[in-house]
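# A closer look at the structure
Letter by letter, the chains look like this.
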Amino acid sequence: MFKSGFVTIIGRPNVGKSTLMNTMIGEKISIMSDKPQTTRNKIRTVYTDEEAQIVFLDTPGIHKPKNQLGEFMNTEVDAALEEMDVLIMITDEFNKIGPGDEFIIEKIKNVNSKKILIINKVDMFDQAGAIRMAQEFGKYNVFDDIIPISALKNLGVDSLVNIIKKYLKPGPMYFPGDFITDRPERFVVAEIIREKALMYLQDEVPHGIAVEIEEMKERKNRNLVDIRASILCEKKSHKSIIIGKEGRKIKGIGKSAREDIEKLLGSQVNLQLFVKISENWRDNNYLLKSLGYDQ
Ligand code: GDP
Ligand code: MG
Ligand code: K
């Protein structure tokens, strides 16, 4: 009997939610970086094999809201909690359980679905530590399974898939077998550019950027897509940092973004990248909507 269902992934920022999704699906869909809150929207990712279809909701990391964007992200998390059959919480805690994890456990403990705790990044820690943490988390009596994995090194991910399958009920294929994500290409393209910008900027312009795709058009009779996009930042000083000396930084961002977008679209890409100042974009509802943060 074919099985299917919905799985929500939840956890503090940077524990490896997007990495796990990418390892499972084998494609670069959720954008990863070493900065928290890279994943702003809920992204639906679909895993299909001969036995089952698992629809994952990758949620933004849970944190205390500081502005409208932060509040929106927490709303997304609450919405995701209502749609699922299995709930996966990820942690990368190897010393002791912190307030961030306690907050999440408190939030999910009365949710009516199977709950799996993943202790991620075991490649960085010794086995005894993983076992000790599993026992600590076990004391909450909240989780049906506790599994140590390395999302990055693909350790334990297969057994995780098998445990999820065990909990799914017989059901239909909600999406075609080759379907990977419900995010429109434009959104993924914007996320790739944002990921590269964060990579190049390190901590110089933290979180205060967004990417707007102004135009994305395929040229007639040619395997070429023209993309015009802007990086939005909050201050004049940020704009010159993003552009860099003699435009070096923006060129670097554009070049590595273009390479990834070409892989994603399977065609050549002509990417024109601009930098715009848009003060307080994070508190501007209209702008948030037009950037796609309302879906
Ligand atoms: P998210 O914010 O929860 O989606 O976290 P990401 O998937 O973006 O990962 C945050 C950082 O942790 C990235 O630098 C990843 O490469 C790193 N990371 C994720 N999983 C692992 C893992 O299993 N082992 C190690 N060593 N690093 C990992
Ligand atoms: Mg993420
Ligand atoms: K991240």
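Heads up: the structure comes first, above all this text.
Heads up: these notes are all about the structure in this document. (Residues numbered from 1 in each chain as written. Chains lettered and ligands numbered in written order. Predicted model: local features only at pLDDT ≥ 70, side-chain atom pairs only at ≥ 80, totals over all residues.)

### As for the overall build of the protein
Helix and strand counts for the protein come out as nine helices and 10 strands. Residues classed as buried in the protein amount to 36% of the 295 residues present. Here the contacts in the protein between residues at least 6 apart in sequence split such that 68% fall between residues at least 24 apart. (Helix = DSSP H or I, 4+ residues; strand = E, 2+ residues; numbered from the N terminus. Buried ≥ 20, exposed ≤ 12 C-beta atoms within 10 Å, placed from the backbone. Contact = placed C-beta atoms within 7 Å.)

### Describing the sheet that holds strand 10 (residues 268-277)
The mixed open sheet is built from three strands, whose spatial order is 8-9-10. In this open sheet, the two strands that pair with only one neighbour each are strand 8 (210-218) and strand 10. In this sheet, neighbouring strand axes are inclined to one another by 15 degrees on average, regardless of whether the strands run parallel or antiparallel. Of the pairings in the sheet, the one linking strand 8 to strand 9 (residues 224-233) comprises eight bridges and is antiparallel in character. For V211, the partnering residue across the bridge sits in strand 9 and is I231. (Pairing = 2+ DSSP bridges. Axes fitted to C-alpha atoms, helices over the stretch in contact; angles between N-to-C directions.)

### A closer look at the nonpolar core
Counting residues in hydrophobic clusters, the biggest one holds 30 residues, and the most contacted among them are V7, I9 and I88. Breaking this core down by element, the ones donating at least two residues are strand 1 (3-11), helix 1 (17-25), strand 3 (52-58), strand 4 (86-91) and strand 5 (114-119). Beyond its immediate sequence surroundings of up to four residues, V7 is in contact with I54, V55, F56, M84, D85, V86, I88 and I164. Counting 26 residues, the second largest nonpolar core, distinct from the first, contains Y200, A229, I253 and L271. (Core = buried A, V, L, I, M, F, W, Y, C linked by C-beta atoms within 7 Å.)

### Some details on the environment of V205
The topology assignment puts V205 in the loop between helix 6 (185-201) and strand 8. In this structure the C-alpha to C-alpha distance between V205 and K239, which are 34 residues apart in sequence, comes to 9.2 Å. Contact partners of V205, with chain neighbours within four places excluded, come to C233, H238, I241 and I242.

### Looking at unusual backbone geometry
Leaving glycine out, the prevailing phi sign among residues is negative, and the prevailing peptide bond configuration is trans. A positive phi angle, near 70 degrees, is found at K121, a position not held by glycine. Following the sequence through the fold, K121 ends up in the loop between strand 5 and helix 4 (127-138). For K121, a count of 22 C-beta atoms within 10 Å corresponds to the buried category. Residues other than glycine seldom take positive phi values, yet N154 does so here, at roughly 60 degrees. Mapped onto the elements, N154 comes out in the loop between strand 6 (145-148) and helix 5 (157-167).

### Here's the deal with the packing of helix 6 against helix 8 (residues 248-265)
It is the contact of helix 6 with helix 8, at a shortest axis distance of 9 Å, that shows an interaxial angle of 145 degrees. For helix 6 against helix 8, the interelement crossing comes out right-handed. For the pair helix 6 and helix 8, contact is made by E185, V188, V189, I192, I193, K196, A197 and Y200 and by K249, G252, I253, S256, A257, D260, I261, L264 and L265, respectively. Here the contact of helix 6 with helix 8 is composed, by residue class, of 11 nonpolar, two polar and four charged. (Left-handed = near helix turned anticlockwise from the far one by under 90°. Nonpolar A, V, L, I, M, F, W, Y, C, P; charged D, E, K, R; others polar.)

### Remarks on helix 6
Over its 17 residues, helix 6 runs 24 Å from end to end, which matches the ideal 24 Å to within 8%, given 1.5 Å per residue. Of all the 17 residues making up helix 6, 12 are buried; the element is thus mostly covered by neighbouring parts of the structure. Every buried residue of helix 6 is accounted for by V189, A190, E191, I192, I193, R194, E195, K196, A197, L198, Y200 and L201. For helix 6, the elements touching its buried residues are strand 8, strand 9, helix 7 (236-243) and helix 8. Looking at the residues trailing helix 6, positive phi occurs at Q202, about 45 degrees. (Expected span 1.5 Å × (residues − 1).)

### Description of the pairing of strand 6
Across four bridges, the pairing between strand 5 and strand 6 is parallel. Following the sheet pairing, L117 is matched in strand 6 by I146. This β-α-β element, strand 5 to helix 4 to strand 6, shows right-handed connectivity. (Right-handed = clockwise from strand over helix to strand, strands pointing away.)

### Re the environment of G208
As for its placement among the helices and strands, G208 is situated in the loop between helix 6 and strand 8. Assessed through the 16 C-beta atoms surrounding it within 10 Å, G208 is described here as partly exposed. Once the C-alpha coordinates of G208 and L232 are considered, the two residues, 24 residues apart in sequence, prove to be 8.0 Å apart. Non-local contacts of G208, meaning those with residues more than four positions away in its chain, are made with C233, E234 and H238.

### Here we look at the environment of K121
Sequence separation of K121 and G16 is 105 residues, and the distance between their C-alpha atoms is 8.0 Å. For K121, the residues in contact, after removing those within four places along its chain, are G16, D92 and S150.

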